[in-house]
Structure formats: C-alpha cells, structure tokens
Amino acid sequence: MIQAQQAFLRDAMRRLNLTREAFAERIGSRKRALDAWLLPDESAEFRAMPEVVRRFVAEILSRELGASMSTQSVHGAAPQADWPGTVHLLSVSQFNRDAVEALFALADVMQPIARRRKVTRVLEGAVLGNLFFEASTRTRVSFGAAFCRLGGAVCDTTGFTFSSMAKGESIYDTSRVISGYVDVLVVRHPEQGAVAEFARATHIPVINGGDGPGEHPTQALLDLYTLQREFSRIGKLVDGAHIALVGDLKYGRTVHSLVKLLALYRGLKISLIAPPALALPAELVALAASAGHVIEQTSALREGVRGADVVYATRIQKERFGTDETLDGHGADFEVNPAVLAATGKPDTVVMHPLPRDSRPGSFDLSVDLNTDARLAIFRQTDNGVPVRMALFAQMLGVDALVQRSMRDATWRSPAQVGVDDALLADEA
Ligand code: NCD
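Undergrad: Which parts of the structure should I look at to understand the nonpolar core?
TA: Nonpolar side chains tend toward joint burial in soluble globular proteins. Membership of the largest hydrophobic core comes to 69 residues, with the highest contact counts inside it found for F95, L221, L224, L245 and F393. By residue number, the principal contributor to this core is helix α5 (residues 97-114), which donates ten residues. Formed jointly, this core draws a minimum of three residues from each of two domains, domain 2 (120-211) and domain 3 (217-379). Contact partners of L245, with chain neighbours within four places excluded, come to V255, L258, V259, I270, S271, L272, I273 and Y312. Core analysis: the second largest hydrophobic core is formed by 18 residues, F334, L341, L366 and L376 among them.

Undergrad: Looking at this structure, I do not really get the pattern of salt bridges. What am I missing?
TA: Opposite charge on two side chains permits pairing when their charged atoms draw close. Inspection of the entire model under this criterion finds 26 salt bridges. For the salt bridge of K31 with E21, the shortest nitrogen-to-oxygen distance reads 4.0 Å. Taken together, the residues K31 in helix α3 (residues 31-37) and E21 in helix α2 (residues 20-26) connect sequence positions ten residues apart. What makes K31 partly exposed here is its relative accessible area of 28%. Between E42 and R117 there is a salt bridge, with its nearest N and O atoms 3.6 Å apart. Within this pair, whereas E42 is found in the loop between α3 and α4 (51-64), its partner R117 is found in the loop between α5 and β3 (118-119), the two being separated by 75 residues in sequence.

Undergrad: Help me understand the pairing of strand β5 (residues 153-158), please; the structure alone is not making it clear to me.
TA: Within a regular strand, side chains alternate between the sheet's two faces. Bridging between strand β4 (residues 127-132) and β5 involves six bridges; their strand directions are parallel. If you follow G129 over to β5, its bridge partner there is C155. Handedness of the crossover is the feature at issue here: the chain leaves β4, passes through helix α6 (residues 138-149), returns alongside β5, and the resulting connection is right-handed.

Undergrad: Is there a simple way to think about the environment of E325 in this case?
TA: You can see E325 is positioned in the loop between β11 (310-313) and α13 (338-342). Residue classification places E325 among the partly exposed residues on the basis of a relative accessible area of 23%. Sequence spacing of E325 and L284 is 41 residues, and the spatial spacing of their C-alpha atoms is 21 Å. Not counting chain neighbours up to four residues away, the residues in contact with E325 comprise K250, Y251 and R320. Within the structure, E325 has its side chain in polar contact with the side chain of K250 (distance 2.8 Å). At 2.5 Å, the side chain of E325 forms a polar contact with the side chain of Y251.

What counts, and at which threshold
Residues numbered from 1 in each chain as written. Predicted model: local features only at pLDDT ≥ 70, side-chain atom pairs only at ≥ 80, totals over all residues. Heavy atoms only, no water. Core = buried A, V, L, I, M, F, W, Y, C linked by side-chain atoms within 4.5 Å. Buried < 20%, exposed > 50% of the residue type's maximum accessible area, 1.4 Å probe, protein only. Helix = DSSP H or I, 4+ residues; strand = E, 2+ residues; numbered from the N terminus. Domains from an automatic or database assignment. Contact = heavy atoms within 4.5 Å. Salt bridge = Lys/Arg side-chain N within 4 Å of Asp/Glu carboxyl O. Pairing = 2+ DSSP bridges. Right-handed = clockwise from strand over helix to strand, strands pointing away. Polar contact = N/O pair within 3.5 Å; in protein donor to acceptor, adjacent residues only side chain to side chain.

As structure tokens, this is what we get:
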C-alpha cells in the first residue's frame, strides 16, 4: 500500500534532516509546489505529486540512508533504543532519535483519522483502562479519543475517592485486577515512581500519563512532534534552535521529559527561565549540557527569550509545593504576553504550553491576549495529542502496519476547523 503523500514527504524531510527549502532544492522542485504537495488532501490547494518525484525521493532515501539504516541514520550513530519493543512506556529515556522520528512518521499516517476524514477499526474489540488518580482533562480524554479512533473502547476511573484505593487497596492489587479487564492501562498518579509500580505488577502494557513531578512522556512526545511541524512550516530544524522553557521547571514533569528528548538533538540553546526556587533539577541541566547544548539559566524572562525560536511556558504547580515552599520570586514579570514575544526579536517565535494554563488573575501564566496570534501553537499541540497517542497504541499493540490499508472515508460531516480561531493557520500542513 502506498503511503499517503503528506506522510511520505514529511517522513523523507525528517529522515534527511532537511528544511522545506533545502528539500525542495534537493529534489529539484519549486518550494511552492512542495508546499502544495504537503497540504492535507482535503485542502483546496492540495496538489498530487507526480509519480516520478515520489520515485526520486524514494531513491534518495535508499541511497543516502539505505544500507546503514538499521544501525545508523543521518543523525549519526544511534544509541540503543528501547522503543518500540518494550511492554511499558514509562519514560522518554526509552527513545533514541530514530525511534522518536519513526513514531512521528506513524503519527502523520494517523492525522487523517484524528482529523475525522478517515476511519479505521484496527483495535476493534480492544479495551483501554484509563486510571487517573490526579486531575486531568486533555491527557485522559485524548488517550480515550485516540483509542476510540483506532476502533477500541475505553473504561475510565478518576480520583482516589471512587476507587478501592480509598479502602486501602495496594497498587499491586489494583494493577492486577484491572489487567484482567483491559488490554492497555494509562495511569496518572501524584507520586513519582507509582506508575512504574503499576507496571511491575502486570504484563499488560502500562503508559505513564504523568507520575507526580517525575515524567510525562507522551506530552513531551506530542510537544516535540508539534514543534517539528511548526518548524517545518516556517523552514527551521530542531537542530540548532533556541528553546526557552519558562515557569515551574522544578515540578513541571512535561519539561522534565521534554529536556530529555531535546538531549537527542544537536546544537541547541536552551534558556531555562524560572525563579531560583523553581529551577530545573540539576541532573536534567547536566544531561542537556552533556548533549553539547548551550544552557542559560536566568530568572529574567525578557533576557531569556531574546532570540528564542520557541517559548514553552508552564503553569506553577502549586499543588506539589511542600509546606515551607512559597511563590517567592514569581510574579507579573514571568507572564508570557505579546510584549514579551516582541522582546524575542523574531516574528516567527512558536509559543507553546502543555496546558492547562492558569487563567485566574495573579497567576501570570501564558496570557490570553495571545489567543488570536497565529504563533500561539497551544491548540495545535492539544490536537496533536490524538495522532501521537494513536501511534503509540498502534506500536504497543502491534497494529502499526495495518493502519494505512485499513483506512476508509469517514461517513459523517464535521467542520474543517474545530476552533473559532483555527482559520488563522489555514495553510497548516
Ligand atoms: C500537565 C501535567 O499534568 O503535567 N498537563 C498535561 O498533561 N497536559 C501540565 C500541568 O498540569 O500544568
């Protein structure tokens, strides 16, 4: 089965590590033609790529990456990946760069399903157990939606109050019991390491949906996927980018996982912007530095964002503070807003946030004044949670090779853009 045009071209650019401009030049096409080939096929500007171009791209891939693909890629010698092939997904440390990019290629294949243009039933009969012992909206629902869009069904439980853990049941017992009912478990828990404890008690795949201040691997994967897609549109590569991480870097688990993933890339400048009391844990700073990245630590937001290609803001995780911890050092000068964005000095800075953003007065989280700014990628980020999680499920349950040929057209009608301000980036590809 021939891979869909958009997914095929994206995969090629990623594997060759080329911007759109450089790729167009490499294949002898005009950039405008490439842009049209990269649009979703329901777009009015979409153009079919000539077969001769597809063959030429395939030939470049096999010549440049072919023979050495199993051990080495264009990114250099790959450290051993633990993904796919392991039962559980607990940390992004299970991924090397090739594994990340293979996942993203599969997420691209899932896009038409996530956008409700196509349907598949490859997980028909399978059941997902969503066990969320901590607040969640998008993570829980997007895992559920991803599983449903692959044809599976979902059972949810939320909070301790309505679970038998309130009666003193252990993680071991809970994990074993639920494993008798479902095929995959997604677990979120307030204690670091608790999701790994669930995993040790079962042979059913367990996915870490956030373990206290530990990790949030699927969020970081969708963040990086979004970042790559945004960069692809504006002609940048992750390698060499300047990324500013802002806010609660101490307790923000999405940042912890993201920094580990960024350590797989080359030549980054990472600005860590936080009050001293909420600085990134030292071992993560050391990890990023050992990858050869330039690390800048500051509590002055405007200084840190200057020249940034990405500003990734986060919420202050007050619920994780110890009794002696205060918000000292955090205030209005940490708010990412239009004036701060102007201070980066770049017109195309990508603004991200794992969400939820705290929109209450005095929280100084990402400003709502950016809502109609096309650089605000937060809802493209949340949308991308579905195809990335679909790709993870497909890999874990061994149906990845079935998806492409199982796709049919969706039968119901849905709007081209789901959000009222989505038209701002109608050329999104
Ligand atoms: C984050 C989380 O739960 O770690 N949210 C999410 O899953 N997207 C961030 C947060 O709670 O601030």
